[in-house]
Amino acid sequence: MSPRKRYSRPSLPSQQPASGNESGDVGNDGGYNAGMAVFSYIIGGIIVWSLVGWGLDILWGTRWIVLLGALLGAAGGFYLSHMHGLTRQSSTPGESNADSGPSTDGDSNAK
């Protein structure tokens, strides 16, 4: 018999011991995940568009397009974050959306 390790299948989720973080509340770290997504959109946009600007600077012999690319990347990251709904303020668990007061647009939904 060879001294190699035998392959063992991973156990099913029902057989794994529950960790302290799994208390039945799914999505408690939604704010953290949204924050990391916003951060990655902004930093990724800055990096990508700075590289594009840097390439255009080398091609055209200028020195300012890299800065324009960085600003465009940051603005694009904010725009993508907003379009994906990551920048909206979420309500606390005990607060409902109705607690925020009446609508200010003059449109009443009361019957």
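Residues numbered from 1 in each chain as written. Predicted model: local features only at pLDDT ≥ 70, side-chain atom pairs only at ≥ 80, totals over all residues. Heavy atoms only, no water.

Draft legend 1. Highlighting the overall build of the protein chain. Along the protein chain, the regular secondary structure elements total two helices and zero strands. Burial analysis of the protein chain (111 residues in total) assigns 13% to the buried set. For the protein chain, the accessible surface area stands at approximately 10000 Å², while carbon and sulfur atoms represent 60% of it. (Helix = DSSP H or I, 4+ residues; strand = E, 2+ residues; numbered from the N terminus. Buried < 20%, exposed > 50% of the residue type's maximum accessible area, 1.4 Å probe, protein only. Areas by Shrake-Rupley, 256 points an atom, 1.4 Å probe, with all protein chains shown as cover.)

Draft legend 2. Molecular detail of helix α1 (residues 30-60). Along its 31 residues, α1 runs 44 Å from first to last C-alpha, staying within 8% of the 45 Å computed at 1.5 Å per residue. Residues A34, V38, I42, G45, S50, G53 and D57 constitute the buried set of α1. Those residues of α1 that are buried lie in contact with α2 (65-83). Two residues or fewer after α1 comes G61, characterised by a positive phi angle close to 75 degrees. (Expected span 1.5 Å × (residues − 1). Contact = heavy atoms within 4.5 Å.)

Draft legend 3. Highlighting the environment of G44. Topologically, G44 is positioned in helix α1. Considering only alpha carbons, one finds G44 and G76, 32 residues apart in sequence, at a separation of 9.7 Å.

Draft legend 4. Geometry of the environment of N33. By secondary structure assignment, the location of N33 is in helix α1. Of the residues examined, N33 reaches a relative accessible area of 42% and is grouped as partly exposed. As a C-alpha pair, N33 and L86 span 53 residues in sequence and 9.3 Å in three-dimensional space.

Draft legend 5. Fine view of α2. Over its 19 residues, α2 runs 26 Å from end to end, which matches the ideal 27 Å to within 8%, given 1.5 Å per residue. Along α2, the residues classified as buried are I65, G69, A70, G73, A74, G77 and S81. Looking at the buried side of α2, the elements it contacts are α1. Of the residues one or two after α2, G85 is the one with positive phi, at around 75 degrees.

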